[in-house]
Amino acid sequence: MPATKKVALAFSGGLDTTVCVPLLKEKYGFDEVIGVTVDVGQPEAEFAEARETANALGVEHFVVDAREEFAELCLESVTANAIYQGYPLGTALARPVIAEAILDVALEEDCNALAHGCTGKGNDQLRFEAVWRDSPLDVIAPVRELGLTREWENEYAAEQGLPVEGGSEGRYSIDSNLWSRSIEGSELEDPSTIPEDDIYEWTDNPGGVESELVEITFENGTPAAVDGEALGPVELIEGLNALAGAHGVGRTDMMEDRMLGLKVRENYEHPAATVLLTAHEALEGLVLTREQREFKQQVDQQWAWKAYQGLIDAPLMKALEGFVDATQERVTGTVTVKLEGGHCRAVARESEFAVYSESAASFDEGTVTGSITQEDATGVAKYHGFQSRLANSKVSPDADDAETESTETPEKPH
Ligand code: ARG
């Protein structure tokens, strides 16, 4: 007699993962399906929905708390100013954490396979499988493999009497965690539609409250305190989401290029991420040299792209982090941001590592710094632009107007 076939399903209790349960038995021949929901800070109602749906389906349900680990990853992303096309990567950063947690449960529970309810169009299938395909377990994607549509799923659920009605999703597809809330679907898919105000849950319409100053303390690039109060990663992020959300800070309405090349319209809310990323960049502006800042932009962009792909374990990532960490040794200090009318901007910054000398930059001092005086700049000023002046004095190769042609040797630059 063959051993029982058991599969661990990434389970949210939504339509996709609910229809996966009978399909995994009927179409894939599993004897047992277990549902795993990983807590990365989604609203309480989602766990209740997952629990109830799992009960109704007769599926054993596991909830894994990964909030601390996820929050640490979010704060690490701040050290790399991680933004992809304007999106601070909440969903993307959460997926490897969720995938690892589900894999752990699957191994613990002696499963033979792992399954998710992602479609074949999105990013999440790739992010989950990048982690899972490194394990000895089979990977199954029923929605993609069976070519399911939402319409088919709804009909099938009705036929089978599956518990899908009254889902908390409403007409949009929402993905919410500590770092960001994504709102997709329905009329929002059309890039020319202006979103209704009711798509937002974390951010109030700007203008309802007086402007406010918030001071963020960084230690080696990592946010450590808000207004002088040291906070753990989860509390720090949750607190700032509430504080900055009241000012309407952190809304993004954008076109996003997915990994497979599809362009999609996306709406996000991410108040804490906006505050922390703004403050962090302002502090880097104070403590890093010009060339460090310029090179770091390239490193940060690569970091964000790898994170978007869900490849946080890529060897390139380790190398990029080596550079990022080396720069963050000096990113210690405080930044004050002003929250006002939907915007967050840095208004003050301080650090013991500031690459800044008041006497050097001041117009009031006679000497510049050390023994360097103003007159020392004269030689620099004479050379500055020398090459451009020389080049511009020569005839451009494609100038066909003979009159502008000059055969004279240019004057000695002075
Ligand atoms: N496009 C984003 C990403 O791939 C977020 C997707 C969120 N999913 C959703 N159903 N709202 O990271």
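A. Quick look at the packing of helix α10 (residues 290-309) against helix α11 (residues 315-328). The N-to-C vectors of α10 and α11 enclose an angle of 140°; their axes lie 10 Å apart at closest approach. Accordingly, the angle class assigned to the pair α10 and α11 is oblique. Once α10 is placed against α11, the crossing between them reads as left-handed. Residues Q292, F295, K296, V299, D300, Q302, W303, K306 and A307 of α10 form the contact with α11, whose participating residues are L316, M317, L320, E321, F323, V324, T327 and Q328. Of the residues contributing to the contact of α10 with α11, the split by class is 9 nonpolar, 4 polar and 4 charged.

B. Expanded view of the pattern of salt bridges. Evaluated as defined, the whole model comprises 21 salt bridges. Between R133 and E129 there is a salt bridge, with the nearest N and O atoms lying 2.7 Å from each other. Between E340 and R345 there is a salt bridge, with its nearest N and O atoms 3.7 Å apart. With relative accessibility at 45%, the residue R345 sits in the partly exposed group. Linked by salt bridges that have partners in common, R95, D124, R127 and D175 make up one network.

C. Looking closely at the sheet that holds strand β13 (residues 333-340). Read from one edge to the other, the open sheet built from 5 strands follows the order β10-β9-β8-β13-β14, with strand pairing classed as antiparallel. Across the chains shown, the open sheet's two edge strands, defined by having one partner strand only, are β10 (229-230) and β14 (343-350). Taken together, the 7 bridges between strand β8 (residues 212-219) and β13 define a ladder with antiparallel strand orientation. Opposite I216, over in β13, you have V335 as the bridge partner. Relative to strand β9 (residues 222-226), helix α8 (residues 233-245) is tilted by about 65°, and along the sheet it contacts β8, β9 and β13. Here helix α9 (residues 271-287) sits on the sheet in contact with β8, β9, β13 and β14, set at roughly 35° to β14.

Reading the values: the criteria
Residues numbered from 1 in each chain as written. Predicted model: local features only at pLDDT ≥ 70, side-chain atom pairs only at ≥ 80, totals over all residues. Heavy atoms only, no water. Axes fitted to C-alpha atoms, helices over the stretch in contact; angles between N-to-C directions. Helix = DSSP H or I, 4+ residues; strand = E, 2+ residues; numbered from the N terminus. Parallel < 35°, antiparallel > 145°, perpendicular 65-115°, else oblique. Left-handed = near helix turned anticlockwise from the far one by under 90°. Contact = heavy atoms within 4.5 Å. Nonpolar A, V, L, I, M, F, W, Y, C, P; charged D, E, K, R; others polar. Salt bridge = Lys/Arg side-chain N within 4 Å of Asp/Glu carboxyl O. Buried < 20%, exposed > 50% of the residue type's maximum accessible area, 1.4 Å probe, protein only. Pairing = 2+ DSSP bridges.

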